[in-house]
Amino acid sequence: MTQYIVRRVIQAIPVLFLISVVSFLLMLSAPGGPANQFNQNPHISAAQINKWLQDWCLVQNPTPLDTVREYLGWLGVWNCSGGSFLSVHGLPNFLPAFLGGGTNGILHGDFGYSIETGQPVLGMIYQRLPTTIILMGTAFVLWATIAIIAGVIAAVRRYSFFDQSVTFVSYVLYSLPTFWLGLILIFIFGEALRWFPVQGMVNVRTSAAPFATQAYWQSFFADPIPNIVDIASHLVLPVVTLIAVSIAGDSRFVRSAMLDSLHQDYVRTARAKGIRERQVIIRHAFRNALLPILTNLALEIAFLFSGAIVTETVFSLPGMGRLYYDGVENSDYFLLMGILLIGSVLVVLMNLLADIAYAFADPRIRYD
Amino acid sequence: MPRIPQTQGDPPPSDILLDVRDLRTHFRVMDGTVPAVDGVSFQVRRGETLGVVGESGCGKSVTALTIMRLIETPPGEIVSGEVWFDGRDVLQLSQDEMLDVRGAEMAMIFQEPMTSLNPVLTVGDQIVEAVVAHKKINHRAALDRAVEMLRLVGIPEAPRRVKQYPHEMSGGMRQRVMIALALSCDPKLLIADEPTTALDVTIQAQILELIRKVQAETGTALLLITHDLGVVAETVQRVVVMYAGKVVETGTVDEVLQDPKHPYTEGLLASIPSKGMRGTRLNVIKGSVPNPFRMPVGCRFHPRCPYAFDPCPDHEPPLDEQGNPERRVACWLHTKPPFGLEHRPRYGTATPLAVEAAGEAVR
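Residues numbered from 1 in each chain as written. Chains lettered and ligands numbered in written order. Predicted model: local features only at pLDDT ≥ 70, side-chain atom pairs only at ≥ 80, totals over all residues. Heavy atoms only, no water.

Asker: Describe the interface of chain A and chain B, with residues and values.
Answerer: Taken together, the contact between chain A and chain B spans 22 residues of the former and 27 residues of the latter. Here chain A meets chain B over a buried area of about 2200 Å², counting both sides, of which 56% is carbon and sulfur. Here chain A is connected to chain B by three salt bridges. Here Arg283(A) ties to Glu129(B) by a salt bridge, and the two come within 3.5 Å at their closest N and O atoms. At the level of elements, helix H10 (265–272) and helix H11 (277–314) of chain A are the ones that each hand at least two residues to the side of chain A that touches chain B. Tallied by class, residues from the side of chain A that touches chain B come to six nonpolar, six polar and 10 charged. (Contact = heavy atoms within 4.5 Å. Buried area = accessible area lost by both parts, 1.4 Å probe. Salt bridge = Lys/Arg side-chain N within 4 Å of Asp/Glu carboxyl O. Helix = DSSP H or I, 4+ residues; strand = E, 2+ residues; numbered from the N terminus. Nonpolar A, V, L, I, M, F, W, Y, C, P; charged D, E, K, R; others polar.)

The following block contains the structure:
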């Protein structure tokens, strides 16, 4: 088991490297370029621009070699200010700083500065992370739970009224575009019925400070319950928007996986033992249906991220998705690359967790 | 709620463990109704071994699943009949009451050892589950029971094997586990549905030997379903031959194998290859199993029967006694046909297929 996990973790490393290449190439292919973007921001002085250009190996009209240097500098393998693979200490630049490596690049936790705000990218993402994690965590748990319960019941009571209803609702929800659903929910439950707030993570009138600032957390932990209620009420509409489509698709998937395993020989064996039907369904049919379901859930975590961009924008949530959307509008290169990379790392981590969960669920794939 | 046929008759004498009477299980599917089991009757005495023989699709397995009440409804439906088991008609029991019978008093071994065990549970867990469900013992005692059962079925290193998953075992080993599982609650009746079909020949012999051995040790009655007459000859005392959802011949194994009366049984025996036949064409029963949506009228075997004559296409032969109540044949050759029709085969009067078959038989 340990060997399996270690192997999976090692496999994640080349994936992350490739992700960094793709993130960089995507930004490279976007029109403009960081150097041009600096010039358009009146808040940045010429001296600052020159320093950053220097720090990040940026040049006007780069040759392919300059581009490779730019990538390696962003990664932290190339020492831009020194112009070599070695750090100021004369050791390989990619080593951690305390071992004598450099300090630039994502390997050393330096994601650069936002062109728009001039702040460190990592700090900006860090500030937005709680919103996204709360939103996506809630969405994921609800999504998986509802899809599994609905799918299992639909499969067990195949062709019943419940099954037909789930099918009908699924097809309706599945055909709704996320941004449109969000706006309609705002219109009905926020505007017409006034049941739920329609923007932000917290009520700005009652909360002590903006969400996810230090002052906010202090007041949050001083009196958590009203704050949790406040966040929960703000999350209702975004979460529904985010998961409606996924639930629709996944409940169908769970249903078919469950139907598949209900017709397996071992389910008949289980019934022949004379154990209760509930036990047959949960221990035998569902335990086996869980394997494809886990795979599917892991794959769809990435969809959750892209869904979060739309949802956070529609509901003005201060999360990473919104930050990304703003970044795109401002051609904020370092910010975008940072978010792409950190988002991808989160997806890779989630998939790693899913793989490990999979190994627990299926004895056949444990390597040792 | 599926319709349950009402009990008509009285319980059988107490030495009869299982008494199946005129059982009919039909499947209603989109294209029509399939009478998979259509009026099947037989008895199994306590501790006895009864073989049910027939081609694929003749209703053997459906009969077994009906006795276990494992027919999925819909599409399956037990249309009529009685299944007296140990003094009660199990068709009258509710599914809840059936839980105490299934696995505990009657247990089943399936054809496919590779897929019949749950791949994500250890074999120990799967046996423990059955034991805990039927016996008032705790998990630890049930696990001891599982180890004991694995030993009984000849699995070496049982305490280690009990913690293994099915994928860590061979097909023969898994079938041993299935047998251990089925016998774990001391059932009075063991139904084995083609227990050796999916196994290598050498393993087949071992598994049959094992079934015979544990049956002798535990005194359980055995209903052995197979298409393999070799298996029947070695294992059972009495035989029921089924064709197209009906019983066509019954008797002791010697009677049926030495002196088959039904042309179908005769054909089955003739189609077994033997050593002296090298180089000659294999005897086969002409034609194929009838389309279940359009069963032949009259005797269901008549389109393939080399002896078919006047009454066969129109009148279904009854399962009549031949000397004693347990030696029965459903064939007009052995029963006086109604309407004064002559009691002798007339080749070729039934169907073109029969003409061809008869020609083959003469050649």
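Asker: Quick rundown of the pattern of salt bridges? Include the residues and the values.
Answerer: All names here are of chain B. In the structure shown here, the tally under the stated rule is 38 salt bridges over all chains. With a shortest N-O distance of 2.8 Å, Arg46 and Asp86 are connected by a salt bridge. Of this pair, Arg46 sits in the loop between strand S2 (32–45) and strand S3 (49–53) while Asp86 sits in the loop between strand S4 (76–85) and strand S5 (88–89), and the two are 40 residues apart along the sequence. A relative accessible area of 42% places Arg46 in the partly exposed class. A cluster of three or more residues bridged by salt bridges with shared partners is formed by Asp15, Arg45, Glu48, Arg238 and Glu326. (Buried < 20%, exposed > 50% of the residue type's maximum accessible area, 1.4 Å probe, protein only.)

Asker: Describe unusual backbone geometry, listing the residues and the values that go with them.
Answerer: A positive phi is found at Tyr159(A), a non-glycine position, where the angle reads about 65°. By the element assignment, Tyr159(A) lies in the loop between helix H5 (121–156) and helix H6 (161–174). We note that Asp22(B) has phi near 45°; this positive angle belongs to a residue other than glycine. When you line up the elements, Asp22(B) lands in strand S1 (residues 16–29).

Asker: Summarise the packing of helix H3 (residues 123–134) of chain B against helix H4 (residues 139–152) of chain B; cite the residues concerned and give the values.
Answerer: Residue and element names in this part refer to chain B. Put simply, H3 and H4 touch, their axes get as near as 8 Å, and they point 115° apart. Crossing angle aside, the handedness with which H3 passes H4 is right-handed. In contact with Gly124, Asp125, Ile127, Val128, Val131 and Val132 of H3, H4 contributes His139, Ala142, Leu143, Arg145, Ala146 and Leu150. Of the residues that constitute the contact of H3 with H4, the class distribution is eight nonpolar, two polar and two charged. (Axes fitted to C-alpha atoms, helices over the stretch in contact; angles between N-to-C directions. Left-handed = near helix turned anticlockwise from the far one by under 90°.)

Asker: I'd like a description of the domain arrangement of chain B, backed by residues and values.
Answerer: How big an interface is tends to be stated in terms of accessible area lost as the parts join. Residue and element names in this part refer to chain B. Splitting chain B by domain gives domain 1 (14–105 + 187–259), domain 2 (116–186) and domain 3 (260–273 + 283–362). A C-alpha centroid distance of 24 Å is found between domain 1 and domain 2. Tallying the contact residues gives 19 residues for domain 1 and 12 residues for domain 2. For the domain 1 and domain 2 pair, buried surface summed over both sides reaches about 1300 Å², with 69% attributable to carbon and sulfur atoms. Counting across the interface, domain 1 meets domain 2 through four residue pairs in polar contact (both at pLDDT 80 or more). Secondary-structure elements contributing two or more residues to the side of domain 1 that touches domain 2 are helix H2 (95–101) and helix H7 (201–218). When residues of the side of domain 1 that touches domain 2 are assigned to their parent elements, the largest contribution, eight residues, is made by H7. Among the residues forming the side of domain 1 that touches domain 2, the class breakdown is 11 nonpolar, three polar and five charged. (Domains from an automatic or database assignment. Polar contact = N/O pair within 3.5 Å; in protein donor to acceptor, adjacent residues only side chain to side chain.)

Asker: Mind laying out the side chain of Gln164(B), listing which residues take part and the relevant values?
Answerer: Residues and elements named next belong to chain B. Within the secondary structure, Gln164 is located in the loop between helix H5 (158–161) and helix H6 (171–183). On the accessibility criterion, Gln164 (11% relative accessible area) is buried. Polar side-chain contacts of Gln164 include one of 2.8 Å to the side chain of Arg161. Once you skip the residues sitting within four places of it in the chain, Gln164 turns out to touch Thr122, Val123 and Met169.

Asker: I'd like a description of the domain arrangement of chain A, backed by residues and values.
Answerer: All names here are of chain A. Under the domain assignment used here, chain A contains domain 1 (1–119 + 331–368) and domain 2 (122–329). Contacts between domain 1 and domain 2 engage 24 residues on the former and 20 residues on the latter. Between domain 1 and domain 2, roughly 2000 Å² of surface is buried when both sides are summed, and carbon and sulfur atoms account for 78% of that area. When residues of domain 1 are sorted by the area they lose upon contact with domain 2, Ile339, Tyr358 and Ala361 head the list and together hold 25% of the total. Across the domain 1-domain 2 interface, the total number found is zero salt bridges. Applying the counting rule to domain 1 against domain 2 returns four residue pairs in polar contact (both at pLDDT 80 or more). Considered class by class, the residues forming the side of domain 1 that touches domain 2 number 13 nonpolar, eight polar and three charged.

Asker: Just give me the short version of the packing of aromatic side chains, but keep the residues and values in it.
Answerer: Two numbers describe a pair of aromatic rings. These are the distance of the centres and the angle of the planes. Residues and elements named next belong to chain A. Counting across every chain of the model gives 16 aromatic pairs over all chains. Ring geometry for Phe24 against Tyr71: centres 5.2 Å apart, planes inclined by 65°, an arrangement best described as edge-to-face. Taken as a pair, Phe24 in helix H1 (residues 2–29) and Tyr71 in helix H4 (residues 64–75) lie far apart in primary sequence, 47 residues in all. One aromatic cluster is present, built from ring pairs that chain together Phe211, Tyr216, Trp217, Phe220 and Phe221. (Phe/Tyr/Trp six-rings, centres within 6.5 Å; stacked < 30°, edge-to-face > 60°.)

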